[in-house]
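So you can see what is in the structure, the chains are spelled out below.
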Amino acid sequence: MSDTVPFSVQIRTATERQHTEAENSRFMADMLGGMLGLDSYQRYTGQLWFVYRALEGRWDELAADPVAGPFIKPELARTAELERDLTHLVGPDWRAGLTALPATAAYAARIDECARDWPAGYIAHHYTRYLGDLSGGQVIRGTAEKLWDLPHRGDGVRFYVFEGVRNPAAFKREYRALLDELDLDDLERRRVLDEGQRAFSLNTAVFAELDAEFAERRLS
Ligand code: HEM
């Protein structure tokens, strides 16, 4: 299907089943269903900080890369937003009490490895997070605002607010065009699709560890 099906469609199709799994993971369902407390959202947001630090830590080098460069867009950067959210949710000392779960550390390490050695593979991670945040992330924001009485699009949910992306639908269209323009041979395409699936699995593994951590505390 490589020549006829656009790459943006290939990567969405390759990860579709896993997307449904992630969306319906017990941790997500319980957290967004109000079964867990605010501390589940704090913990989840803290894990995202490790992930985005890895995603954004090598942007200076990646911006100059011929393959990954076009994807590096400052308006997507989330690390500062996560830090603002964590300051609001946890307090100014949020960093002192924050630890990466083993699955989070493994996820961040894989992102960093791709960012360092394999820019095309890095794109799979970039896609999995940023295109998701621009889409389903908006559902999570609205639910978190209601559940925990957080200011609308303010501190606590800034991670989900892309101030620099005025028109998310148009942005996603342009993003998909960048995916479609990638000049990769068939083998490399296959490898990037595999990395996309790996990126989803790494996310699901973080959810599973969060689920285990909150299992005893699930409110009935
Ligand atoms: C409660 C959890 C989630 C909900 C409600 C949700 C919902 C959605 C929705 C509504 C879309 C838009 C589909 C479209 O534009 O046609 C979307 C797209 C996407 N989501 Fe999620 N999602 C969730 C979790 C996740 C997770 C955990 C990931 C990966 C880490 C993710 C990655 C993506 C990606 C990459 C896309 C873009 C698909 C594409 O058009 O290529 N989502 N999601």
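The structure presented is a predicted model; accordingly, all values stated were derived computationally and were not measured.

Undergrad: How would you summarise the site of the ligand if you had to cite specific residues and measurements?
TA: Around the ligand sit 17 residues, and of these Arg12, Ala22, Gly132, Ser135 and Gly136 come closest. Those elements giving two or more residues to the shell around the ligand turn out to be helix H1 (7–23), helix H2 (26–32), helix H7 (119–134), helix H8 (137–148) and helix H10 (186–214). Of all the elements, H7 adds the most residues to the shell around the ligand, at five residues. When its residues are assigned to classes, the shell around the ligand shows eight nonpolar, six polar and three charged.

Undergrad: How would you explain the packing of helix H6 (residues 102–117) against H7 if you had to name every residue and give the values?
TA: Between H6 and H7, the shortest axis-to-axis distance is 6 Å and the interhelical angle comes to 140 degrees. Our classification of the angle between H6 and H7 gives oblique. Between H6 and H7 lies a crossing of left-handed hand. Contacts between H6 and H7 involve Ile111, Cys114 and Ala115 from the former and Gly121, Tyr122 and His125 from the latter. Tallied by class, the residues present in the contact of H6 with H7 amount to four nonpolar, two polar and no charged.

Undergrad: Go over the environment of Met31, please, and point to the residues and values.
TA: Tracing the chain through its elements places Met31 in helix H2. With 30 residues separating them in the primary sequence, Met31 and Glu61 have C-alpha atoms 36 Å apart. Discounting residues that sit within four places of it in the chain, Met31 has contacts with Leu36, Ser40, Tyr41 and Tyr44.

Undergrad: Please set out the packing of helix H3 (residues 38–56) against helix H5 (residues 79–89) residue by residue, giving values where relevant.
TA: For the pair H3 and H5, interaxial distance at closest approach is 9 Å and the crossing angle is 160 degrees. One way to sum up the angle between H3 and H5 is to call them roughly antiparallel. By crossing handedness, the relation of H3 to H5 is classed as left-handed. Here Gln42, Thr45, Gly46, Leu48, Trp49, Tyr52, Arg53 and Glu56 of H3 lie close against H5, whose contacting residues are Thr79, Leu82, Asp85, Leu86 and Leu89. Grouping the constituent residues of the contact of H3 with H5 by class yields six nonpolar, four polar and three charged.

Criteria and cut-off values
- Residues numbered from 1 in each chain as written.
- Predicted model: local features only at pLDDT ≥ 70, side-chain atom pairs only at ≥ 80, totals over all residues.
- Near = placed C-beta within 6 Å.
- Helix = DSSP H or I, 4+ residues; strand = E, 2+ residues; numbered from the N terminus.
- Nonpolar A, V, L, I, M, F, W, Y, C, P; charged D, E, K, R; others polar.
- Axes fitted to C-alpha atoms, helices over the stretch in contact; angles between N-to-C directions.
- Parallel < 35°, antiparallel > 145°, perpendicular 65-115°, else oblique.
- Left-handed = near helix turned anticlockwise from the far one by under 90°.
- Contact = placed C-beta atoms within 7 Å.

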